[in-house]
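Overview (structure and organization)
So the chains spell out like this:
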Amino acid sequence: MTWLFDNIDYVRELFVRHAWISVVSTLIGFVVSLPIGWFAHRHPRIRGISVALVGILYTIPSLAVFILLPGILGTGILSVVNVIVALSTYAAAVMVRSTVDAFGSVSPAVLDAATSAGFSTRQRVFRVELPLAGPVLLAGLRVVSVSTVSMLSVASLIGVANLGSLFTDGFRRDFLDEIVVGIVAIVVLAIALDALLVLAGRLLMPWSRVQVGASR
Amino acid sequence: MSVISETVDWLTDSTNWSGDDGIPHRLLEHLGYTAETIAIAAVIAIPLGLWIGHTGRFRSVAVAVTGALRALPTLGLLTLLALYLGIGLTAPLIALVVLAIPPLLAGAYAGVEAVDPQTVDAARSMGFTEWQILTRVEIPLGLAIIVGGVRSAVLQVVATVAVAAFVGPGGLGRYLIDGQAVSDYPQMAGGSVLVVVLALALDAVFAALQAFAAKDRPAARPVGV
């Protein structure tokens, strides 16, 4: 514990860095997956191909991606850009599947009703489909957020600083406390981001809680 | 281009294909750790998952535990156990087993749960014992999802064995970690290519097994795995 108090500034710096890299990567992955998932949902033939493709993407081990991306992108191996590209790709790979499921969960009858009420395609997508797909999207986003926070720590092996640096450093110095602080900090960050997502869901989709309550 | 050609040179250099730190030996080590981990984790997780799926008991506990384990950072668990138990194979093996359990468990209970309850009731009304229902109805019908759980677990373990090289053991991850230590990028990239190829090959094998298990049913992976 004394180590934590002596190094509180260092841990705080890593925590903030870990948080912003995770949040940015998750958001990029989410935003990229929305149009792909919507398009795949509308076209069953593309759906099969895209779900298979993102499945293959997700199969590729993260450490290998962290190492190979700098060679492909031409960035330095210590550049945070590699890590963000890699984590966003993983996030998108998982989210495309969730997005297809989410749009699939919207009742076709509701969409027909919106069309007959005079909604244009764009209005229908943004004012009917997207909000109704929200709860399933949120469920996918929560899974992605947690795994992104955890996966980022692996990037410390190639020297990109984040809370995982406490693991590599603690191991090299044979110092258990530092590793424990790292694990606790990562779990706390994952729980905090998850709580934020749940809160955002309640604020943006106040009806979903009522619905869940009613259906039980 | 030079980075790519140097990586190709490393991969095709005959000296990298022989001896104890040669690619064939490292590949076998990698597969060996993976098989050992999956075997131990499966013995623990699959019977437990089948029981949870069949009885419906402790389902919410299983969901909560598998969700919580997802937040646990792999590298943190590996380094923690390695310092605690000392250098050797025991620490990485325990960490790998802990990480392999959630997908196996989720696959097993999701597979059993996915079976139509009416089919289960029909079997029960025909006088099947609970054991017969499990082994003759639920496991055969849920097999594709159970195998899907094994597939997820295998992929996760293959990826994590590469990370585990940091705390000592062999496997293909040695090239990634040792290359990094001496700033030998072609070795790191060459090793990474091998890890990727291994993961894709194993995924293809399990996709085929899953399709075989599903026969005429569409292949499915458990939700959230």
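Treat the numbers as computed from the prediction; the structure is a model and nothing was measured. (Residues numbered from 1 in each chain as written. Chains lettered and ligands numbered in written order. Predicted model: local features only at pLDDT ≥ 70, side-chain atom pairs only at ≥ 80, totals over all residues.)

1. Observations concerning the overall build of chain B
Looking only at helices and strands, chain B features nine helices and zero strands. Listing every helix and strand of chain B by position from the N terminus yields α-α-α-α-α-α-α-α-α. When its C-alpha atoms are laid out on the principal axes, chain B stretches across 70 × 40 × 25 Å. Expressed as a percentage of its 225 residues, the buried residues of chain B come to 47%. Here the contacts in chain B between residues at least 6 apart in sequence split such that 75% fall between residues at least 24 apart. (Helix = DSSP H or I, 4+ residues; strand = E, 2+ residues; numbered from the N terminus. Buried ≥ 20, exposed ≤ 12 C-beta atoms within 10 Å, placed from the backbone. Contact = placed C-beta atoms within 7 Å.)

2. Points about the overall build of chain A
Scanning chain A from N- to C-terminus turns up 10 helices and zero strands. Counting helices and strands in the order they occur from the N terminus, chain A gives α-α-α-α-α-α-α-α-α-α. Across the 216 residues that make up chain A, the buried fraction comes to 39%. Relative to all contacts within chain A whose residues are 6 or more apart in sequence, the contacts with residues 24 or more apart total 69%.

3. Observations regarding unusual backbone geometry
Backbone geometry at Asp174(A) places phi at a positive 55°, although glycine is not the residue there. With respect to the secondary-structure elements, Asp174(A) resides in the loop between α8 (165-172) and α9 (176-204). For Asp174(A), a count of 9 C-beta atoms within 10 Å translates into the label exposed. For Ser183(B), which is not glycine, the phi dihedral falls at a positive 55°. Accessibility expressed as a C-beta count within 10 Å gives 10 for Ser183(B), which makes it exposed.

4. A short note on the interface of chain A and chain B
Counting residues at the interface gives 32 residues for chain A and 31 residues for chain B. Tallying contributions element by element places α9(A) first for the side of chain A that touches chain B, with eight residues. Grouping the constituent residues of the side of chain A that touches chain B by class yields 21 nonpolar, 10 polar and one charged. (Nonpolar A, V, L, I, M, F, W, Y, C, P; charged D, E, K, R; others polar.)

5. Quick notes on helix α5 (residues 90-113) of chain B
Residue and element names in this part refer to chain B. Compared with an ideal rise of 1.5 Å per residue, which puts 24 residues at 34 Å, α5 spans 34 Å between its outermost C-alpha atoms and is within 8% of the ideal. The largest bend along α5 reaches roughly 30° and is located at Ile101, with the proline Pro102 sitting one to four residues downstream. Within α5, 19 of the 24 residues are buried, leaving the element largely enclosed by the surrounding structure. (Expected span 1.5 Å × (residues − 1). Bend = angle between axes of the 7 residues up to and from the residue.)

6. Quick look at helix α5 (residues 80-104) of chain A
All names here are of chain A. Across its 25 residues, α5 extends 35 Å between first and last C-alpha, which sits within 8% of the 36 Å expected from 1.5 Å per residue. At Met95, α5 shows its maximal kink, close to 25°. For α5, the buried fraction is high: 19 of the 25 residues fall into the buried class.

7. A closer look at the nonpolar core
By size, the foremost hydrophobic cluster in this structure holds 115 residues, and its most contacted members are Leu63(A), Ala100(B), Leu104(B), Ala162(B) and Val163(B). No other element matches the 17 residues that helix α7 (residues 130-164) of chain B contributes to this core. Here Val163(B) is in contact with Leu63(A), Val154(A), Leu157(A), Thr74(B), Leu75(B), Leu78(B) and Gly173(B), once residues within four sequence places are set aside. (Core = buried A, V, L, I, M, F, W, Y, C linked by C-beta atoms within 7 Å.)

8. A look at the environment of Ala91(A)
Residues and elements named next belong to chain A. As for its position among the elements, Ala91 is in helix α5. Given 28 C-beta atoms within 10 Å, Ala91 falls into the buried group. Each C-alpha atom of the pair Ala91 and Ala139 lies 13 Å from the other, and the pair is 48 residues apart in sequence. Among residues more than four places away in sequence, those in contact with Ala91 are Ser25, Thr26, Gly29, Phe30, Val144 and Thr148.

9. Some words on the packing of helix α2 (residues 8-42) of chain A against α9(A)
Helices that pack against each other are described as a pair by the angle of their axes relative to one another and the distance between those axes. Residue and element names in this part refer to chain A. The interhelical angle for the contact between α2 and α9, taken along N-to-C directions, is 40°, at an axis separation of 11 Å. Accordingly, the angle class assigned to the pair α2 and α9 is oblique. α2 and α9 meet at a crossing whose hand is right-handed. On the side of α2, the interface is formed by Val11, Phe15, His18, Ala19 and Ser22, while α9 contributes Val181, Ala185, Leu189 and Leu193. Looking at the contact of α2 with α9 residue by residue, the classes come out as seven nonpolar, two polar and no charged. (Axes fitted to C-alpha atoms, helices over the stretch in contact; angles between N-to-C directions. Parallel < 35°, antiparallel > 145°, perpendicular 65-115°, else oblique. Left-handed = near helix turned anticlockwise from the far one by under 90°.)

10. Quick look at the packing of helix α3 (residues 44-59) of chain A against α5(A)
All names here are of chain A. Relative to each other, α3 and α5 sit at 145°, their axes nearing to 9 Å. Handedness of the crossing formed by α3 with α5: left-handed. Residue-level inspection shows Arg47, Ser50, Val51, Val54, Leu57 and Tyr58 of α3 in contact with α5, the latter providing Thr89, Tyr90, Ala93, Val94, Val96, Arg97 and Val100.

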